[in-house]
Structures are given as structure tokens and as C-alpha cells.
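Spelled out from the first residue to the last, the chains are:
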Amino acid sequence: MSNNALYWLWLQNALGAGAELREAIEYFGGAKEIYSADEFALKFSGVFNPNQVAALSDKSLSKAEDIQSLCKLQGWQIIDFDDDEYPQRLAEIENPPAVLYVDGCLPRVDDNLYISIVGSRKASSYSVKAAEIMSRGVAEHGAVVVSGAALGVDSAAHNGAILCGGKTVAVLGCGFGVNYLMSNQPLRDAIKNNGALITEFPPFTPASKYTFPIRNRIISGISLAVLVVEAGVKSGSLITARYAAEQGREVFAIPCSIFEENFAGTNRLIEDGASLAINPLDLLYPFAERFGIDIGKVKSASQIYNSKPQREQANYNADKSAEYSFENNSESRSRRAKRQNAASTLMGNDLTVYNALSDELVHIDEIIQKTNLPTGSVLTSLTTLELMDLVESAGGKRYKLS
């Protein structure tokens, strides 16, 4: 946080997150200079519209001071545009944010290979697995995996990096302190412990259909490459891909079924010139020399598919391949969406137990160990989850997600 942090917070509050600041910064020099300008100077500049001039004429710093105090209390870092920690990579985009809020430890953006992996929230199992595998493959070689902490592809991308002990960053479409998508809270906690959550939105700003497109420019802005795993023709992931192309980033896409509309956007990207990505090496090769990556040691997607991640036992063997086939995409997507909608209502022990399960059978002793809950509480929650059709039981006290 620089000495001018209060002025950048004031400027962000006056104009709103996502406001176009490039011209104003170039004209006035910075937030403190804009704060010092009187109404005539603001109008004369021609940079601001009448509503913005009115907002900037209010010189009260009280709201900025409140945000600063709250962030200090909560342990949230403020990185303003004048801060030495502000990424140069982000400062150079057409519309840089005035302030970033950080929860966790953000790996230095300009010193690391950041790769974004984005896609549908209601993704097929094929796309979820592909995202995780590509994430593991690049994270194993030091790349920081960036996504949006949503369900589907985002979660798989973050999880892939975490499983192999890598770093990951989530760019949120809301402010800190908002109870958004509670079923994904354990993942956000894991991201914070293995990287950082970042947002442009002030604390307690709710998520909306307007906030996500705004944040997408940051996902691509801090990255050197963007991989789109699954996207329809009107997907938010295509907005991120468009920003990436405008910002001079590498754009990649995974080839998918030609028979499903949910993949039409991804395939269109390839048709329009996005690079094809079928292995992690495709993502890493353009940056290998710059970041000292030994390309001879990069595993193929099939090698990762058949291997176990460092942090968890996972059985991605050949008998599961049918689940991720093109033929089963519609069925698996529908099942996954139904499960995610039901899971979003879970709370307390039920949510804790649900998050300890996976698509593989897990013994109850392992669930108890993972959740650190009493046996009776785990059994009660498992019964509740079975009644909600979220969990299936098998012989030998083993359970898995439905």
C-alpha cells in the first residue's frame, strides 16, 4: 500500500470498479492529483462526464478510511496503482483497476508465469477433468494457475494446481466478506492457503451479472496465456478470451465435441486462430526459455491422467474414461448441474461432509478423518445427503457423490 492509497480508494469509490482510468491517469498523473483538482479543472480536462465530475467533487475520504481500517482488521492487503507491488503487467492494460484487494499471499505477477484456465460453470465431466489435468501439468513446472473460483472448470483448474503443490490465484467477481457460493468456500480457503484471492471490488460488494465481465479483464490481464476449456457462443469465458487477445496475451483452446452447443464457443476460438492445446506443453512451450522450464520433463495429458497427484490419492484410470467421453457429456453435465444446485443449499456439517467426498468411493473412516467430526455427526450428514440424492453408498461403509 503506497502513501497515496487513500486517494486511489477514494477514486475507485467515486467512479466505481471497472471505470476507465487510463486517460485520467495520463492527463492528471495519478489519484492524488485528481483529488486535488477543483471542479473547473475536472470539467476542463474533458476526461470525465458530468456525473463523474459531480462524484469527484466530493472530497470526503471517510469511506476510503473505513475501507482501509476494515482491510487492516481482516488482514486483507490493499495494492493501489502507486504501490510497488502493483503488477506492471496489469498496469499496462487498457483499463487497469485503481485498487486490488488481496486475501492470501499473491505470487509476484511480473516474476511468474501466470496461466488462466477458464470455462463453463456447468461443465461436462470431460471438461472438468481436462481443466484439472492441464492445471496440474503447468503448475508442476512453476506456473501460477488463475481462474475465477466458480463451480465447474474454475474449481477444477484451482484444484489441479493445489493437488500438485502448485500456486493458484482466484479473481473474484465480488468483494471480500460476501457470502457468495458458500458450497465453494472450502475451495476458496484452499486457494488462499496456496496462493491468493484477489478482487477489484470493495469489501461487501455483492456479485451480479455486471461484476463478472468487469473482473474478466483482470483474469487475462495478470496472465500471459489464457486457456478456454469449455464455452458456449455467449459464454463469459469468451469475454476473457477477447480481453486476452486485446491485451496481447496468448489464447489457447481445448478441442471439444462438434455436436454440442456448449462447446461451440471453444471450437469457434480455434477456428478464429486460437492455438490448439492438447497437452500442458502446448501452454508452457512459448514461455519455456523465459522462465527456465525444462520442456523435456513436461508430462503429457495422458501421463497425468494415469498418475496420482502429490497431495491426494486419485484414481483416474481407464475404467473411468467412458465418464469423460463426448457421448456422455450431456448426461454428465445435467447430473453435475443438478448436484451443484442442490449442494449450494448445504450448510454446517452437511456441507463439510459433502466437501470431503468425491466421485470415487471413500471409506467412512477417511471421511471422519477429513472432516474431524464425530462419527455420529458424519453418519447423520451422510443420511441427509443420501436423501437429497447427493451421495451414494456402497458395501463396506464406502460413499461417493451421486
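As shown above, the structure is provided for reference.
Since the model is a prediction, treat every value here as computed from it, not as a measurement. (Residues numbered from 1 in each chain as written. Predicted model: local features only at pLDDT ≥ 70, side-chain atom pairs only at ≥ 80, totals over all residues. Heavy atoms only, no water.)

A. Just empty space enclosed by the protein, in detail. For the structure on display, the rule yields 2 cavities of 30 Å³ or more. There is about 50 Å³ of room inside the largest cavity. Across the lining of the largest cavity, the residue classes break down as 8 nonpolar, 3 polar and 1 charged. Of the volumes computed, that of the second largest cavity is approximately 40 Å³. Residue classes in the lining of the second largest cavity are distributed as 4 nonpolar, 2 polar and 2 charged. (1 Å grid on protein atoms, 1.4 Å probe; cavity = no way out; pocket = protein on both sides within 12 Å on 5 of 7 lines; lining within 4 Å. Points joined across faces, edges and corners; volume = space filled by probe spheres on them. Nonpolar A, V, L, I, M, F, W, Y, C, P; charged D, E, K, R; others polar.)

B. Expanded view of unusual backbone geometry. The backbone of A149 shows a phi angle near 65 degrees, a positive value even though the residue is not glycine. The topology assignment puts A149 in the loop between β4 (144-147) and α9 (153-163). Judged by its relative accessible area of 3%, A149 falls in the buried class. Backbone geometry at D389 places phi at a positive 65 degrees, although glycine is not the residue there. (Helix = DSSP H or I, 4+ residues; strand = E, 2+ residues; numbered from the N terminus. Buried < 20%, exposed > 50% of the residue type's maximum accessible area, 1.4 Å probe, protein only.)

C. Inspection of the packing of helix α1 (residues 5-15) against helix α6 (residues 62-74) at higher detail. Where α1 contacts α6, the axes come no closer than 8 Å and their chain directions differ by 115 degrees. With respect to their mutual orientation, α1 and α6 come out roughly perpendicular. With respect to the hand of their crossing, α1 and α6 are arranged in right-handed fashion. Contact residues: α1 offers A5, L6, L9, W10 and N13, while α6 offers K63, A64, E65, I67 and Q68. Of the residues in the contact of α1 with α6, the class split is 6 nonpolar, 2 polar and 2 charged. (Axes fitted to C-alpha atoms, helices over the stretch in contact; angles between N-to-C directions. Parallel < 35°, antiparallel > 145°, perpendicular 65-115°, else oblique. Left-handed = near helix turned anticlockwise from the far one by under 90°. Contact = heavy atoms within 4.5 Å.)

D. A look at the sheet that holds strand β11 (residues 391-394). Spatially, β10-β12-β11 is the arrangement adopted by the 3 strands of the open sheet, whose pairing is antiparallel. Strand pairing shows two members of the sheet lacking a second neighbour, β10 (362-363) and β11, which therefore form its edges. The pairing of β10 with strand β12 (residues 398-401) spans 2 bridges and is classified as antiparallel. Bridge pairing in β12 links H363 to R398. Docked against the sheet, helix α20 (residues 375-387) engages β11 and β12, running at close to 115 degrees with respect to β11. (Pairing = 2+ DSSP bridges.)

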